[in-house]
Amino acid sequence: MSHTTRFWPQRLRSADGPAYLALADLIADDLRSGRLKSGDRLPPLRELAAALGLNYSTVARGLAEARKRGLIDSRVGSGTYIRGAAPTLPLRDGNSADMTMNLPPEPDDPALLAQLQDSTAAAMRAADPWALLRYQDFGGSPQQREAGAHWLHTRFPEARAGQLLVCPGVHAVLYALLSQLARPGDTICVESLSYPGIKAIAAQLGLRLLALADDGEPCAAALRDACRTAAPKALYLNPTLHNPSTRTLSRSRREALAEVALAYSLPIIEDDAYGRLVRTAPAAFASLAPSLTYYVTGLSKTVGAGLRIAYVHAPGQRPMQRLAGALRALTVMASPLTTAIATRWIDDGTAARLVEAIRDESAQRLQLAARLLAAHPLRAHPEGFHVWLPLPAGFDANVLAAWLRERGVPAVAAAAFSTDAQPPDALRVNLGGPGTRAQCAAGLQLVAEALARPPSRS
């Protein structure tokens, strides 16, 4: 028995409560005092049980409790070692949704915060309060649609207010679009890693997702084969600052995919939720195939997740009217209050200033990630706020993601995004979820620690 643990029998005899909990408490106490350090090994379980005068099952239960607390870890062939008490990062507003959603950072800029407050107050002063409390025509007023078209122009210069709808969030738009374009049993072509929401919507509607072969980008030849053999009803893509891989499709691949879609009259759903963050990117599918593309974007990923306003630009008047009917049946309308704020922020430049601040804050956090995870092959976009982290051999992505989320680090395993049942061993780590840059750094340090010693299943 080690010099440290030889004192445990006496301490266990004087402890109150169940012995297995007392054993886990002893490990925690010795970590705090420095008697145990990260990397110290514990004796084999049977040897430890004999030395402590406890039965095997009690010691096994105590070590399981210590493992659950993140104090120890075990690997086959190398025994049980001290992991160290992992700090738990506070959740923003105690909200566990932060752990799985991809959230933009909140820049610590008092002047920007004052502008947000002033612009919101100005929007409320200019509005008729009773009008904000009434039902509205679906799709927004002409002024609100013009603001939406202006917001789209950075990535899609051809956007026209007359073909645009103001909607309550991108997710609602995707649900309505798929319900319009496909029927239960129909096929939708997607990337092999895709937005989890599209998987949930497809399951709800009884649609089949067909993952396209990928050579780093979805293959046009695979789309052509799918059109010939599976008769898909739509192609769903997230081409710019892809969630989760951070990839942006090249101009040549966009043109090749658009050419196939045009040849088969295949509608394209272009989910450009992150596109406004990117200063330069190849032409949107909506520019390459305007007669087929539903261009969808919003403010949740570029301004703030609570601002549930999205814009969808349809390929024509009739498709827009059909989509408006589906969305009206599904959501009734976008919140007039939220729409008023979003429109004001776009019109007076507040939203654009917030995007710039989010870009700058994201760049600072990416520098932290590059430094703290320098030994690992991170994939990131310089203007994004999430990273894609391929894992070394021997890691279970699901176990690691769960371990990190328990400690306040917003990590999601690749399986959540996989559409071909062959997820890579990788994690998406959101750098925006932690409220402050210091919390982001602490979370990245936890990731680095976990990669040094993989957590085991508890």
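In what follows, the accompanying structure is described.

Under the criterion given, the structure shown has three aromatic pairs. Pairing phenylalanine 156 with tyrosine 295 gives two aromatic rings, centres 5.2 Å apart and planes at 45°, and the pair type is tilted. Highlighted residues: phenylalanine 156 in the loop between α7 (142-152) and β3 (164-167) and tyrosine 295 in strand β8 (residues 293-298), separated in sequence by 139 residues. Measuring from centroid to centroid gives 5.9 Å for tyrosine 274 and phenylalanine 385, while their planes differ by 55°, and the two rings are tilted. Here tyrosine 274 is found in the loop between β7 (268-271) and α12 (285-288), whereas its partner phenylalanine 385 is found in the loop between β10 (379-380) and β11 (386-390), with 111 residues between them in sequence. Of the residues examined, tyrosine 274 reaches a relative accessible area of 3% and is grouped as buried. In this structure, arginine 46 packs its charged tip against the face of tyrosine 56, placed 4.4 Å from the ring centre.

Moving on: the pattern of salt bridges. Pairs can form between side chains of opposite charge once their charged atoms are near each other. Evaluation of the coordinates by the stated rule reveals 16 salt bridges. Among the salt bridges present, the one from arginine 279 reaches glutamate 356, with a minimum N-O distance of 3.2 Å. Taken together, the residues arginine 279 in the loop between β7 and α12 and glutamate 356 in helix α15 (residues 350-372) connect sequence positions 77 residues apart. Between glutamate 361 and arginine 437 there is a salt bridge whose closest N-O contact spans 2.7 Å. Placement of glutamate 361 in helix α15 and of arginine 437 in helix α17 (residues 437-452) is noted, with a sequence separation of 76 residues between them. Exposure remark for glutamate 361: the relative accessible area of 7% places this residue in the buried category.

Here we come to the pairing of strand β5 (residues 208-211). Relative to β5, strand β4 (residues 187-190) runs parallel, the two sharing four bridges. Within the sheet, the bridge partner assigned to cysteine 189 lies in β5 and is leucine 210. Between the parallel elements β4 and β5, the chain passes through helix α9 (residues 196-205) in a crossover that is right-handed.

What follows deals with the nonpolar core. Most often, soluble globular proteins keep nonpolar side chains buried together rather than apart. With 35 residues, the main nonpolar core has Trp151, Leu299, Val303 and Tyr311 as its most contacted residues. Those elements giving two or more residues to this core turn out to be α5 (110-126), α7, β3, α14 (336-347) and α15. No other element matches α15, which puts five residues into this core. Contacts of tryptophan 151, omitting those with residues within four sequence positions, involve Arg276, Gly298, Leu299, Thr302, Val303, Tyr311, Ile346, Ala351, Ala352 and Val355. Cys167, Leu174, Leu177 and Tyr294 belong to the second-largest nonpolar core, a separate cluster that totals 34 residues.

Cut-offs used in this document
- Residues numbered from 1 in each chain as written.
- Predicted model: local features only at pLDDT ≥ 70, side-chain atom pairs only at ≥ 80, totals over all residues.
- Heavy atoms only, no water.
- Phe/Tyr/Trp six-rings, centres within 6.5 Å; stacked < 30°, edge-to-face > 60°.
- Helix = DSSP H or I, 4+ residues; strand = E, 2+ residues; numbered from the N terminus.
- Buried < 20%, exposed > 50% of the residue type's maximum accessible area, 1.4 Å probe, protein only.
- Lys NZ or Arg CZ within 6 Å of the ring centre and 35° of its normal.
- Salt bridge = Lys/Arg side-chain N within 4 Å of Asp/Glu carboxyl O.
- Pairing = 2+ DSSP bridges.
- Right-handed = clockwise from strand over helix to strand, strands pointing away.
- Core = buried A, V, L, I, M, F, W, Y, C linked by side-chain atoms within 4.5 Å.
- Contact = heavy atoms within 4.5 Å.

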